[in-house]
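Structural characterization, general
Here is how the chains run, residue by residue.
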Amino acid sequence: MVDRQALQQKFLEMFGSPPRLFRAPGRVNLIGEHTDYNDGFVLPMAIDRSTFVAAAPRSDRLVRVCSLDFNERYAFDLDDAERQSQAPWLDYVEGVARSLEACGVTLKGADLLIQSEVPIGGGLSSSAALEISAGLALLSLSEVAIDRVQLAQAGQRAEHDYVGANIGLMDQMAAALAHRGYALFLDCRTLETADIAIDTQTTAVIVCDSNVKHALASSEYNKRREECEIGVAILKKELPQITALRDVRMKDFQRYQEQLPEVIRRRCRHVISENARTLEAAQMLRQHNLAAFGQLMLQSHQSLRDDYEVSSSELDALVEIARQLPGLIGARMTGGGFGGCTVNFVEPFAVEHFCNTLATRYQQVTKRTATLYHIHSGDGAEELKD
Ligand code: GLA
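Described below are features of the structure shown in this document. (Residues numbered from 1 in each chain as written. Predicted model: local features only at pLDDT ≥ 70, side-chain atom pairs only at ≥ 80, totals over all residues. Heavy atoms only, no water.)

Side note on the site of the ligand
Stated precisely, the cut-off is as follows: Throughout this document, a residue counts as near a molecule or strand when at least one of its heavy atoms sits within 4 Å of that molecule or strand. Contacts described as polar in this section are N or O atom pairs within 3.5 Å, which, within protein, must combine one atom able to donate a hydrogen with one able to accept it, while residues neighboring in sequence count only if both atoms come from side chains. To measure how exposed things are, a 1.4 Å probe is used in the Shrake-Rupley method; for residues, cover is taken only from the protein chains shown. In this count, Pro and Cys sit with the nonpolar residues alongside Ala, Val, Leu, Ile, Met, Phe, Trp and Tyr, while Asp, Glu, Lys and Arg are called charged and the others, Gly among them, polar.
With respect to spatial proximity, the complete set of residues near the ligand consists of R27, E33, H34, D36, Y37, I167, G168, M170, D171, Y221, G335 and G336. Between the ligand and the protein, one listed contact pairs an oxygen atom with a side-chain N or O atom of D36 at 2.5 Å. Contact between the ligand and D171: an oxygen atom at 2.7 Å from a side-chain N or O atom of the residue. When the free accessible area of the ligand is taken as 310 Å², the share hidden by the protein chains comes to 93%. Among the residues making up the shell around the ligand, the classes are represented as 4 nonpolar, 4 polar and 4 charged.

The structure is reproduced here in C-alpha cells:
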C-alpha cells in the first residue's frame, strides 16, 4: 500500500515544494464485458486500491513526471505540439493532458510524482487509474472546474490517440465516478449512472489474477470492436434503425442471424446476450438475489469463452475450479480478457478455504501461480486533504 506521507516527503525532496495529493482507483467489472463500445450496459466496481499522484503547479507549461513504480522520470512541454512517445506508462499521462487541452482546457505546467497500488497489467485497470488521477491533478492545479464525465472521456481519448487501444468508457467512468459500498451501473450510450449496493455481509468479492497476459491483447481487442461494427453494418440492412449492437433485440438477432458470417454471428450473440444479462444482473443485485446474479456471471463467462473468444485456458481453469468450491456464488473472467483476472462472488464464511484451494488447484492444473485479492469497493477519484 502507498505511504501517503512518504510520497509527499519524497516529492518535497525531489521538486522542492510541498505537493497536493490526488488518487484514482482501479476497477473490477462484475458483469457487462465488451459491451461498453457497443453502446451497452456495464456494472463495474471501483476497488480499494489506487494510483496516487503528488503534484504541484509550475509557472511554465512543462510537465515533469516521475513514476516510483518504474523508477523513471520524463518531461514534456504542453506548448510543444510534437509529441514523442518516451515510455509506455507516460503515454497515459501525456495522453490525458493533451486530450484535455484538445477539448479547450488550458493546463498549467506541473511536477507529478506517481505511485500505484493497482497491480500493473493485471486486468484491474491500472491504466484508467493513472489517467484519471493524473488528469484530476492537472485540472485541479490549473483551477479548472472538473466535469467527471469529461475527465473520463479525456482518459479514453488518451488510449485511442496515444496508446492505440480502441477501448470503451467503462474503466475511466468507474475510476472517476464510483462510490464506496456500491457497484456502478452505467448506460454507455446515455452515460447515465446508478449506484447499486454491494452487501459485504452476504458476499465477498475475490479477484484472482491468472498471472498470464496474452501478447496480442490490444490488437485482438481492436479486432473484436471491428467485428461488432461489421455485424451492425450487415444487420442494418434488415434493421435500418440500429446504430449499435445495443439496439438489437435477441429476437431480431435470431431472425436475421443467418445473414451474418459465422464468427461475426457469435461476436454479436455475445454482445446482445451480455447486455440482457447485465440489465438482469443489475436488477438481481438490487433485489439481493445473489444466486441469480451468480448464475448470470457463469453464463457471461461461457459466452466470453465460446462466442467472443477472449478467455484463455488459464481463466477457464480458474472458473471451472471455482465452480466446484463450497461457497461460490458466481465466477467469470473480468476485463478485456486474453489473460488477466477472474472475479468471484463468494460467501464470506468460505473465503479462506476458497482462496487456498483455488490457488493450489490452479497450480496443479496449469503449473502457474495465481494471485488472489479480497477486494473491497472504493471511491472514485478525489483530492486527499488531511
Ligand atoms: C477493457 C476496456 C474497457 C472494456 C473492457 C471489456 O477493460 O478498457 O473499455 O471494453 O476491456 O469489457
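Considering the pattern of salt bridges
Short version of the rule: For salt bridges, the criterion is a side-chain nitrogen of Lys or Arg within 4 Å of an Asp or Glu carboxyl oxygen. Under the DSSP-based scheme used, a helix requires at least four consecutive residues in state H or I and a strand at least two consecutive residues in state E, with every element numbered from the N terminus. When accessible area is computed with a 1.4 Å probe and restricted to protein chains, residues below 20% of their type maximum are described as buried, those above 50% as exposed, and intermediate ones as partly exposed.
A complete count under the given rule lists 28 salt bridges for this structure. For R224, the salt bridge identified is with E220, shortest N-O distance 3.0 Å. One end of the pair is R224 and the other is E220, both in helix α6 (residues 217–235) and 4 residues apart, which spans about a single turn. Judged by relative accessible area, which is 4%, R224 ranks as buried. Residue E220 is classed as buried on the basis of its relative accessible area of 18%. Between E320 and R323 there is a salt bridge, with the nearest N and O atoms lying 3.9 Å from each other. A residue pair is termed a helical-turn pair when its members lie 3 or 4 positions apart in one helix, as E320 and R323 do in helix α10 (residues 313–323) at 3 residues. Using a relative accessible area of 39% as the deciding quantity, one classes R323 as partly exposed. Taken together, the shared-partner salt bridges in this structure form one network comprising E220, R224, E227, E262, R266, R267 and E309.

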